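Listed below are the residues making up each chain.
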Amino acid sequence: QRRYEGRRPVETVLGIAPRTQEHGASHDGKDTMSFQAKREAISYLAGFLDGEGCFTLNKGYTRGENVYFRPIVQATNSNMAVLELFIGMWGGQITSFQPKNRLHKIRHNWKVATIKSVRNSIVDVLPFLVVKSSAARNLLTYCEFLLSRKHKSNYTAQDREIIAYHRTVSKDLNRRGRSSLELF
C-alpha cells in the first residue's frame, strides 16, 4: 500500500498548455484553465465517477450517543494519471494497492473526505451525472447539513434522525446489483 498526495496541474495531465499572463493567467502568477477546458475536464471526471466512482457515507467513530459519518467521494482505477486529474481538481489522496495475484494490475484509489472538498466536487460534477446523481444529491444535502450546524460537537435527536435518513438512503443507493436509475 502506497500513498500519493502530490498535486499535478490538471492542464498537465490533460495535455492542455498552461496559460501565461498575457493569455489569461491569474494575477497571482498561477496558471489557470480556461472556462471551457475546466468544463470539459469536469464533465470527463463526472462520467468517470458515474462509472467507477462512489458517493457514500463512511462510519467514522462513536462518542456517546453520537455516531459520526464522514462523507466520501472516491474512484478506483489502475490508471494513476486519470486519478491525478481528481487530485488536481479537488485535492484528496491516492492510495495504491498491490494485488495478491501478480497477473492483476496495481489498483489506485482516489478519495476526498473533507466536507468542503466533497461538497465542492459534487457541486462541480452534479450537472453531468446520470447514474449516480441521486447518490451525489443525497451526499450534497448531507454535506450542507453538516456545514450548517452551529454546534459542531453534540448531535440533537433531530440531527440523529437526519443522519440516519441520509445513511439509509446512501446504503440503498450504493447497494450492489441495484441501479440508481431505478430510484428516479
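Bear in mind the structure is a predicted one, so any value in this text is a computation, not a measurement.

1. A look at the packing of helix H5 (residues 133–148) against helix H6 (residues 157–173)
So, step 1. One can describe the packing of H5 onto H6 by two numbers: an axis separation of 10 Å at closest approach and a directional angle of 160°. With respect to their mutual orientation, H5 and H6 come out roughly antiparallel. When the axes of H5 and H6 are compared, the crossing they make is left-handed. Every residue of H6 that contacts H5 at Ser-134, Ala-135, Asn-138, Thr-141, Tyr-142 and Phe-145 is listed here: Asp-159, Ile-162, Ile-163, His-166, Val-169, Ser-170 and Leu-173.
So, step 2. Of the residues assigned to the contact of H5 with H6, the class counts are 7 nonpolar, 5 polar and 1 charged.

2. A look at helix H2 (residues 35–52)
So, step 1. In a regular helix each residue adds 1.5 Å, so 18 residues correspond to 26 Å; H2 covers 25 Å between its end C-alpha atoms and thus fits that length.
So, step 2. For H2, every residue scored as buried is listed here: Ala-37, Ala-41, Ile-42, Leu-45, Ala-46, Phe-48, Leu-49 and Asp-50.

3. Some words on H6
So, step 1. With 17 residues, H6 extends 24 Å between its outermost C-alpha atoms, agreeing within 8% with the 24 Å of an ideal straight helix rising 1.5 Å per residue.
So, step 2. Buried residues along H6 sit against strand E2 (53–63), strand E3 (66–77) and H5.

4. Description of the pattern of salt bridges
So, step 1. Using the criterion set out here, one finds 2 salt bridges in the structure.
So, step 2. With a closest N to O distance of 2.6 Å, Glu-144 and Arg-119 form a salt bridge. With Glu-144 in helix H5 and Arg-119 in helix H4 (residues 115–125), this residue pair connects regions lying 25 residues apart in the sequence.
So, step 3. A residue is classified by how much of its surface remains accessible, and Arg-119, at 25% relative accessible area, is partly exposed.
So, step 4. Here Arg-149 ties to Asp-159 by a salt bridge, and the two come within 3.3 Å at their closest N and O atoms. Taken together, the residues span a long stretch of sequence, with Arg-149 in the loop between H5 and H6 and Asp-159 in helix H6 at a distance of 10 residues. Asp-159 shares its class with Arg-149; the two are buried.

5. Details of the side chain of Asn-109
So, step 1. By secondary structure assignment, the location of Asn-109 is in strand E5 (residues 107–112).
So, step 2. Here Thr-76 takes part through its side chain, which lies 2.6 Å from a polar atom of the side chain of Asn-109.
So, step 3. If near-sequence neighbours (up to four positions away) are discounted, Asn-109 is found in contact with Gln-74, Ala-75, Thr-76, Leu-83, Gln-93, Ile-94, Thr-95 and Phe-97.

6. Let's talk about the nonpolar core
So, step 1. One finds Phe-55, Val-73, Phe-86 and Trp-110 to be the most contacted residues of the largest nonpolar core, which totals 41 residues.
So, step 2. Contributing elements (two or more residues each) for this core: H2, E2, E3, helix H3 (80–90), E5, H4, H5 and H6.
So, step 3. With residues near it in sequence (within four places) discarded, Phe-86 still touches Leu-45, Phe-48, Leu-49, Ala-75, Gly-91 and Trp-110.

Cut-off values and rules
Residues numbered from 1 in each chain as written. Predicted model: local features only at pLDDT ≥ 70, side-chain atom pairs only at ≥ 80, totals over all residues. Heavy atoms only, no water. Axes fitted to C-alpha atoms, helices over the stretch in contact; angles between N-to-C directions. Helix = DSSP H or I, 4+ residues; strand = E, 2+ residues; numbered from the N terminus. Parallel < 35°, antiparallel > 145°, perpendicular 65-115°, else oblique. Left-handed = near helix turned anticlockwise from the far one by under 90°. Contact = heavy atoms within 4.5 Å. Nonpolar A, V, L, I, M, F, W, Y, C, P; charged D, E, K, R; others polar. Expected span 1.5 Å × (residues − 1). Buried < 20%, exposed > 50% of the residue type's maximum accessible area, 1.4 Å probe, protein only. Salt bridge = Lys/Arg side-chain N within 4 Å of Asp/Glu carboxyl O. Polar contact = N/O pair within 3.5 Å; in protein donor to acceptor, adjacent residues only side chain to side chain. Core = buried A, V, L, I, M, F, W, Y, C linked by side-chain atoms within 4.5 Å.

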